[in-house]
Amino acid sequence: CRVLVLISGNGSNLQAIIDHAQPKASFEVVGVISNKTDAYGLVRAREADINCTCVIATPGENRAAYDDRLRAAIDSYQPDLLVLAGFMRILSDDLVTAYQGRMINVHPSLLPKFTGLNTHQRAIDAGEQEHGASVHFVIPQLDAGPVILQAKVPVFEDDSAELLAERVHEQEHAIYPLVVKWFADNRLKMVNNQAYLDGEPL
Ligand code: GRF
């Protein structure tokens with residue numbers, strides 16, 4: 001399974017996926033695309049001998065024009081699976097639809113709670129006792145695609161957003177490679193906005 005990872009920053013989830021792509025694994029990270037030239041994930045990719053492409057938005061460029069260029073870069077890798085790993089741009093419906101059922105994302109909350117940004121502080125402010133991460137299929141509505149796998153962490157009294165984020169990140173690194181492996185092993189499908197593992201609805 002040819003896996004293409006889209007990043008904007010640190011790339012710690014990219015690293016977790018690279019670390020699981022052993023020679024005997026059913027998937028290979030064939031490329032990394034970043035919308036930022038200074039994303040640390042690019043360093044990680046190069047260290048692992050993975051091809052990288054930067055697709056940088058030009059001043060005044062609209063989303064459709066950017067996404068056309070992004071789409072061309074994505075298609076050039078002929079990926080079987082697109083993995084969004086901290087890619088901080090909203091993708092146009094056309095692009096999402098073109099890869100529907102073959103595009104996944106990790107979001108730092110227990111979806112459907114806390115879509116969008118600043119999820120850790122918002123979970124603390126809401127008095128949640130549990131928080132976590134969700135891997136989901138990507139559909140045109142933001143953070144609304146069917147959830148595949150979640151991992152929970154406790155929220156402690158006097159927790160800080162930073163400490164909570166660390167706890168959540170650790171879980172992301174465990175669950176994201178597992179979902180990539182499920183997909184690569186042909187165990188995971190999305191039909192009518194429902195995720196299935198081994199034919200069973202999730
Ligand atoms: C993660 O917290 C993920 O949930 C969110 O962006 C962050 C990416 O972190 N979508 P990294 O770049 O993988 O370290």
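All of these numbers come straight from a predicted model, not from anything done at the bench.

1. Focus on the nonpolar core
Thinking step 1. Ranked by size, the top nonpolar core spans 49 residues in total, and within it Val5, Ile17 and Val83 carry the most contacts.
Thinking step 2. Counting residues per element, this core draws most heavily on helix H6 (residues 161–184), which supplies seven residues.
Thinking step 3. Non-local contacts of Val5, meaning those with residues more than four positions away in its chain, are made with Leu14, Ile17, Val29, Val32, Val83 and Ala85.

2. Things to note about the UniProt feature "site: Raises pKa of active site His" (unreviewed entry) in the chain
Thinking step 1. Here the UniProt-annotated "site: Raises pKa of active site His" (unreviewed entry) positions come out as Asp143.
Thinking step 2. We classify Asp143 as partly exposed; it has 17 C-beta atoms within 10 Å.
Thinking step 3. Non-local contacts of Asp143, meaning those with residues more than four positions away in its chain, are made with His107, Leu111, Thr115 and Gly116.

3. Some remarks on the sheet that holds strand E8 (residues 188–191)
Thinking step 1. What the three strands build is an open sheet, ordered E8-E9-E10; its pairing is antiparallel. A single partner strand is all that each edge strand has here, and the edge strands are E8 and strand E10 (200–201).

4. Comments concerning the site of the ligand
Thinking step 1. The ligand sits among 15 residues. The nearest are Asn10, Ser12, Asn13, Gly86 and Pro108.
Thinking step 2. At the level of secondary structure, the elements contributing two or more residues to the shell around the ligand comprise helix H1 (12–20), strand E5 (103–107) and H6.
Thinking step 3. A total of three residues in the shell around the ligand trace back to one element, the largest contributor, which is H1.
Thinking step 4. Class assignment of the residues belonging to the shell around the ligand gives a composition of six nonpolar, eight polar and one charged.

5. A closer look at the pairing of strand E6 (residues 130–137)
Thinking step 1. Burial runs high along E6: seven of the eight residues are buried.
Thinking step 2. Across four bridges, the pairing between E5 and E6 is antiparallel. Considered in E6, the bridge of Val106 is made with Val135.
Thinking step 3. In this structure, E6 lies alongside strand E7 (residues 147–154), joined through seven bridges in antiparallel fashion. Directly across from Glu130, in E7, lies its bridge partner Pro154.

6. So, the sheet that holds E6
Thinking step 1. Reading across from one edge, E3-E2-E1-E4-E5-E6-E7 is the order of the seven strands in this open sheet, with mixed pairing throughout. Each edge of the sheet is formed by a strand with only one pairing partner; in this case those strands are strand E3 (52–54) and E7. Looking at each pair of strands side by side, their axes are set apart by 20° on average, direction ignored.
Thinking step 2. Two strands pair when backbone bridges link them, and strand E1 (residues 2–7) and strand E4 (residues 81–84) are joined in this way by four bridges, in the parallel orientation. Each residue of the ladder has a partner; that of Leu6, found in E4, is Leu84.
Thinking step 3. Its contacts with the sheet place H6 against E1, E4, E5, E6 and E7, and it is angled at close to 30° to E6.

7. Some remarks on helix H3 (residues 63–76)
Thinking step 1. In this model, H3 (14 residues) spans 20 Å end to end at C-alpha, consistent with the 20 Å of a helix rising 1.5 Å per residue.
Thinking step 2. Buried within H3 are the following residues: Asp67, Leu70 and Ile74. The buried side chains of H3 occupy one side of the element, clustering within an arc of 60° when seen end-on. Exposed residues on H3 whose side chains face more than 90 degrees from its buried face are Ala65, Ala72 and Asp75.
Thinking step 3. Looking at the packing, one finds that the buried side of H3 touches E1, strand E2 (28–34), E4 and helix H4 (93–98).
Thinking step 4. Backbone geometry just after H3 places Gln78 at a positive phi near 45°.

The rules behind each value
Residues numbered from 1 in each chain as written. Predicted model: local features only at pLDDT ≥ 70, side-chain atom pairs only at ≥ 80, totals over all residues. Core = buried A, V, L, I, M, F, W, Y, C linked by C-beta atoms within 7 Å. Buried ≥ 20, exposed ≤ 12 C-beta atoms within 10 Å, placed from the backbone. Helix = DSSP H or I, 4+ residues; strand = E, 2+ residues; numbered from the N terminus. Contact = placed C-beta atoms within 7 Å. UniProt positions renumbered as here; feature names shortened; annotations may be inferred. Pairing = 2+ DSSP bridges. Near = placed C-beta within 6 Å. Nonpolar A, V, L, I, M, F, W, Y, C, P; charged D, E, K, R; others polar. Axes fitted to C-alpha atoms, helices over the stretch in contact; angles between N-to-C directions. Expected span 1.5 Å × (residues − 1). Arc of directions from axis to C-beta.

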